[in-house]
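# Working through the structure, step by step
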Amino acid sequence: LQEEFVNMEKFHLIGEMAASISHEVRNPLTSTRGFLQLLQTGQHSPEERSLYLDIAINGIDQANHVLTDYLTFAKPSIDKTQRLDVQAELFSVLSLITPLAHFSNIVVQYEPPGQPLYVLGEKQKFNQCILNILKNCIEAMPSGGTLTISASEQDDSVQLLIEDTGTGMSKEQLQRLGSPFYSTKEKGTGLGMMVVFSIVKAMSGNVKITSQQGDGSCFRLSFPRVH
Ligand code: ADP
Ligand code: MG
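Residues numbered from 1 in each chain as written. Chains lettered and ligands numbered in written order. Predicted model: local features only at pLDDT ≥ 70, side-chain atom pairs only at ≥ 80, totals over all residues.

## As for the overall build of the protein chain
Secondary structure assignment for the protein chain yields six helices and eight strands. Starting at the N terminus, the α and β elements of the protein chain follow one another as β-α-α-β-α-β-β-α-β-β-α-α-β-β. For the protein chain, the residues scored as buried account for 33% of the 227 residues in total. Partitioning the contacts of the protein chain with sequence separation of at least 6, the portion at a separation of at least 24 is 79%. (Helix = DSSP H or I, 4+ residues; strand = E, 2+ residues; numbered from the N terminus. Buried ≥ 20, exposed ≤ 12 C-beta atoms within 10 Å, placed from the backbone. Contact = placed C-beta atoms within 7 Å.)

Here you go:
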């Protein structure tokens, strides 16, 4: 069983990543533009045409993935730290993710807390954090499985448990998790977990991850509880 306590200090706050993110969006868009321009000029064989179009489409997909991992919940207004109802936020992320889960034959099990639980944070960032974890869990179960989510109180903290029955991670993978642009996926951004760790850190929380290759992964998030 691979286990990792995440060292929050190695992650920058999200705002500091903005310049790098725009770079990650601009690069694939520049490549897309280049290949479309190439198509516009001169004669190309059907094979060339199809290759250039594939590259152009991939560039747009890649830019879209970066934005999904980073900005799904972003709104024009500046979000402020507020008291968040964990159950309500979980519901809104789950409604977004459940169709995706069902598409991959994944059963979603959600165990709501027995009482309202509150944490302090920025609504959109908290939701982005949960979304990025759930999306990874779903992507780790391409041929189905079970996604289990629960929230509970433990002493003065709120615990979120997110568990999948997917591919799992090796010790080496677990250690690299959250490093910017670390991805094992063909179309991955390697930004999702970095964003998760940054947000959890900003909320004075912590993450503990356990994983077993071939069995699945478990993400335990803990945040200070407020009333
Ligand atoms: P991306 O999803 O774009 O690859 P992430 O930062 O979200 O980037 O995740 C980084 C890597 O961590 C993934 O490519 C994958 O190898 C691994 N990973 C993250 N979550 C899980 C999970 N639930 N199960 C298995 N592997 C995972
Ligand atoms: Mg991801």
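## Considerations on the environment of asparagine 64
Within the element layout of this structure, asparagine 64 appears in helix α2 (residues 46–71). A count of 14 C-beta atoms within 10 Å places asparagine 64 in the partly exposed class. Separated by 35 residues in the primary sequence, asparagine 64 and leucine 29 have C-alpha atoms spaced 9.9 Å apart.

## Notes on the environment of cysteine 129
Here cysteine 129 lies in helix α4 (residues 123–139). Counting along the chain gives 66 residues from cysteine 129 to valine 195, while the straight-line C-alpha distance between them is 6.8 Å. With residues up to four places along the chain from it excluded, the contact list for cysteine 129 reads Val195, Val196, Ile199 and Val200.

## Notes on the site of ligand 1
Taken together, 23 residues lie around ligand 1, and Asn136, Ala140, Ser183, Gly188 and Gly192 are the ones closest in. Sorting the residues of the shell around ligand 1 by element identifies α4 and α6 (192–202) as the ones contributing at least two each. Taken together, the residues that form the shell around ligand 1 break down as eight nonpolar, 13 polar and two charged. (Near = placed C-beta within 6 Å. Nonpolar A, V, L, I, M, F, W, Y, C, P; charged D, E, K, R; others polar.)

## Focus on unusual backbone geometry
Only a minority of non-glycine residues have a phi that is not negative, and only a minority of peptide bonds are not trans. Despite not being glycine, aspartate 155 shows a phi value in the positive range, around 50°. Relative to the helices and strands, aspartate 155 is located in the loop between β5 (145–154) and β6 (157–164). One non-glycine residue with positive phi stands out, namely phenylalanine 181, at about 70°. Tracing the chain through its elements places phenylalanine 181 in the loop between α5 (171–176) and α6. Overall, phenylalanine 181 belongs to the exposed group, with 11 C-beta atoms counted inside 10 Å.

## Here's the deal with the confidence of the model for the protein chain
The predicted coordinates of low-pLDDT regions are not to be read in fine detail. Across the protein chain, the average pLDDT comes to 90, with 90% of residues at or above 70. Both scores are available for the predicted complex, with the pTM at 0.88 and the ipTM at 0.99. (pLDDT = per-residue confidence, 0-100.)

## Here's the deal with the pairing of β6
As paired elements, β5 and β6 share eight bridges and run antiparallel to each other. Directly across from serine 152, in β6, lies its bridge partner glutamine 159. With antiparallel pairing between neighbouring strands as the criterion, β5 and β6 make up a hairpin whose turn holds two residues, including aspartate 155 at a positive phi of roughly 50°. Both β6 and strand β8 (residues 216–224) contribute to a ladder of seven bridges, which runs antiparallel. Bridge pairing in β8 places glutamate 163 opposite cysteine 218. (Pairing = 2+ DSSP bridges.)

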